[in-house]
Amino acid sequence: MPRIAITASLIAALFSSSIAHAFVPPVPEIAAKSYYLYDKQSGQVLAARDPDMKVEPASLTKLMTAYLTFKAVKEGKLKLDQMLTVSEKGWKTEGSRMYLDPKVPASVDDLIKGMIVQSGNDACVTLAEAIAGSEEVFAQLMNKEAKRLGLHDSFFTNSTGLPDPKLHVTTSDLSRLASAIITDFPEFYHIYSIKEFKYNNISQPNRNLLLYRDPFVDGMKTGHTESAGYNLVASSKRDDRRLISVVVGTTSPEVRATESSKLLNWGAQFYETPRLYTAKQAVQTVPVWKGKADTVGVGFMTDQFITVPKGDAAKIKIELTSQQPLIAPIKEGQQVGTLKIMLDGKMLSERPVVAIAAVEEANIFGRAWDTIRLWWKGIFG
């Protein structure tokens, strides 16, 4: 495919940062078994250690339980004002709980808050049984959903995160799951920022210490068992830029909060995420053969962002490779090439570009003429 080189003049005009090489210090020392820092807008990983190591999630499992619960509500399988009664299994579940009373039904809305804010295992089992009939079947749904979301190295055996030899996740998968919750269920995400929830006359605080310390952190979930250590998925939003950190296997609630804060602050301080293109903005126009139009604009169907060291946005260079010959009919959204995003001679990202408008097929005379032109081009270049 022929290449069309495009300078980043538009980007340089929008982001008139100094072209001097940006300073980015090494990732700070993180006292965790595994960690991951992800920029949600660009989809780029900023820092990671052993991101594909299989680790015990503890209550981070509840991110998947929540995802399926939100999905059930959105699909009308559960209603927020629906009343559910905890089963004997749920009532007797060990670990953290919201202290459900077997004699008093609880609303789905309260159960969701109990699951997220109080990390209630009794709430998780109650919701799992309501959705799937049993926790065992619910675990099967968790794994099916994990596969659909692209969580390649995670396996769930229960809704709570209580220790099980087969239960495992990775920090990269947890980041992807957290991002999916924020994207797919924005109407529920605010629950992760609730600092305290009272049920059955018992108030319990959110165990995510960063909610109290960092004004930019607005979620997400803690986890702890003796074997897993102290885990935390945290999400921070500054100037419409969202970072997601995952730390697992730390030694205390204080350490997991401190180490997460290190990652988030490092990513926010030394990187920026400018918008490269808006949805349906033409990156370039490319020739079309046998169509009612001679050219078509190519770009993206969604806004595109790139994460770079602060001050390096003006140095970004773009290289478009278009599919040629591009023959009509062409559908809107059809992939027609790839875009390479370069910085200092290194490729940051390669993304598929699509036609941002449809091009219908030309009449028989137009097609015949372009057939001759293509034949002539093939012979004489």
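Reading the values: rules and limits
- Residues numbered from 1 in each chain as written.
- Predicted model: local features only at pLDDT ≥ 70, side-chain atom pairs only at ≥ 80, totals over all residues.
- Heavy atoms only, no water.
- UniProt positions renumbered as here; feature names shortened; annotations may be inferred.
- Helix = DSSP H or I, 4+ residues; strand = E, 2+ residues; numbered from the N terminus.
- pLDDT = per-residue confidence, 0-100.
- Contact = heavy atoms within 4.5 Å.
- Buried < 20%, exposed > 50% of the residue type's maximum accessible area, 1.4 Å probe, protein only.
- Expected span 1.5 Å × (residues − 1).
- Axes fitted to C-alpha atoms, helices over the stretch in contact; angles between N-to-C directions.
- Parallel < 35°, antiparallel > 145°, perpendicular 65-115°, else oblique.
- Left-handed = near helix turned anticlockwise from the far one by under 90°.
- Nonpolar A, V, L, I, M, F, W, Y, C, P; charged D, E, K, R; others polar.
- Pairing = 2+ DSSP bridges.
- Salt bridge = Lys/Arg side-chain N within 4 Å of Asp/Glu carboxyl O.

An unreviewed UniProt entry annotates the chain as serine-type D-Ala-D-Ala carboxypeptidase originating from Deefgea chitinilytica. The heading Pathway (unreviewed entry) in the UniProt record of the chain holds the text "Cell wall biogenesis; peptidoglycan biosynthesis." What UniProt states about the chain under its Function (unreviewed entry) heading is, verbatim, "Removes C-terminal D-alanyl residues from sugar-peptide cell wall precursors."

J.: Any details on the UniProt feature "domain: Peptidase S11 D-Ala-D-Ala carboxypeptidase A C-terminal" (unreviewed entry) in the chain? Residues and values, ideally.
T.: Here the UniProt feature "domain: Peptidase S11 D-Ala-D-Ala carboxypeptidase A C-terminal" (unreviewed entry) sits at residues 271-361. For residues 271-361, the end-to-end C-alpha separation is 45 Å, with 0% helix and 47% strand making up the annotated structure.

J.: Which residues make up unusual backbone geometry, and what values go with them?
T.: Here the amide bond leading from Gly-219 into Met-220 is cis, since omega sits at 20°, within 30 degrees of zero. You can see Met-220 is positioned in strand 8 (residues 217-225). Cis geometry is adopted by the peptide bond preceding Pro-329, which originates at Ala-328 and carries an omega value of 5°.

J.: Can you tell me about the confidence of the model for the chain, naming the residues and giving the values?
T.: Looking at the chain, pLDDT values average 92 and 93% of them are 70 or higher. Here residues 1-19 scores under 50 on pLDDT; set against residues more than four positions off or in separate chains, the count is 39 contacts.

J.: Can you lay out the side chain of Lys-315 for me, pointing to particular residues and giving the numbers?
T.: When you line up the elements, Lys-315 lands in the loop between strand 16 (308-309) and strand 17 (317-322). Since its relative accessible area comes to 16%, Lys-315 is described here as buried.

J.: If you had to explain helix 5 (residues 121-132) to someone new, which residues and values would you point to?
T.: The end-to-end C-alpha distance of helix 5, which contains twelve residues, comes to 16 Å, matching closely the 16 Å that a straight helix rising 1.5 Å per residue would cover. Looking only at helix 5, the buried set comprises Asn-121, Asp-122, Ala-123, Cys-124, Val-125, Thr-126, Leu-127 and Ala-128. The secondary structure elements touched by the buried residues of helix 5 are helix 2 (62-74), strand 4 (83-84), helix 3 (88-92), helix 4 (108-116) and helix 6 (135-149). Taken from the residues just after helix 5, Gly-133 is the one with a positive phi, measuring 95°.

J.: Describe the packing of helix 2 against helix 5, with residues and values.
T.: Between helix 2 and helix 5, the least distance of the axes is 10 Å, while the angle of their chain directions is 45°. The angle between helix 2 and helix 5 places the two elements in the oblique class. For the element pair helix 2 and helix 5, the recorded crossing hand is left-handed. Residue-level inspection shows Lys-62, Thr-65, Leu-68, Thr-69 and Ala-72 of helix 2 in contact with helix 5, the latter providing Asn-121, Cys-124, Leu-127 and Ile-131. For the contact of helix 2 with helix 5, the per-class residue count stands at five nonpolar, three polar and one charged.

J.: Please set out the pairing of strand 7 (residues 202-205) residue by residue, giving values where relevant.
T.: Where strand 6 (residues 196-199) and strand 7 come together, four bridges link them in antiparallel fashion. In the strand pairing of strand 7, Glu-196 is matched with Pro-205. Counted between consecutive antiparallel strands, the loop separating strand 6 from strand 7 contains two residues, among which Asn-200 sits at a positive phi close to 55°.

J.: So what about the pattern of salt bridges? Which residues, and what values?
T.: Scanning the entire structure with this criterion turns up 16 salt bridges. Between Lys-92 and Glu-88 there is a salt bridge, with its nearest N and O atoms 2.7 Å apart. Here Lys-92 and its partner Glu-88 are both found in helix 3, four residues apart, which amounts to about one turn of the helix. On the basis of relative accessible area, Lys-92 is assigned to the exposed category, the value being 52%. For Glu-88, a relative accessible area of 54% puts it in the exposed group. Between Asp-303 and Arg-275 there is a salt bridge; the shortest N-O distance is 3.2 Å. Linking Asp-303 in the loop between strand 14 (295-299) and strand 15 (304-305) with Arg-275 in strand 12 (residues 275-277), this pair joins segments that are 28 residues apart in sequence.

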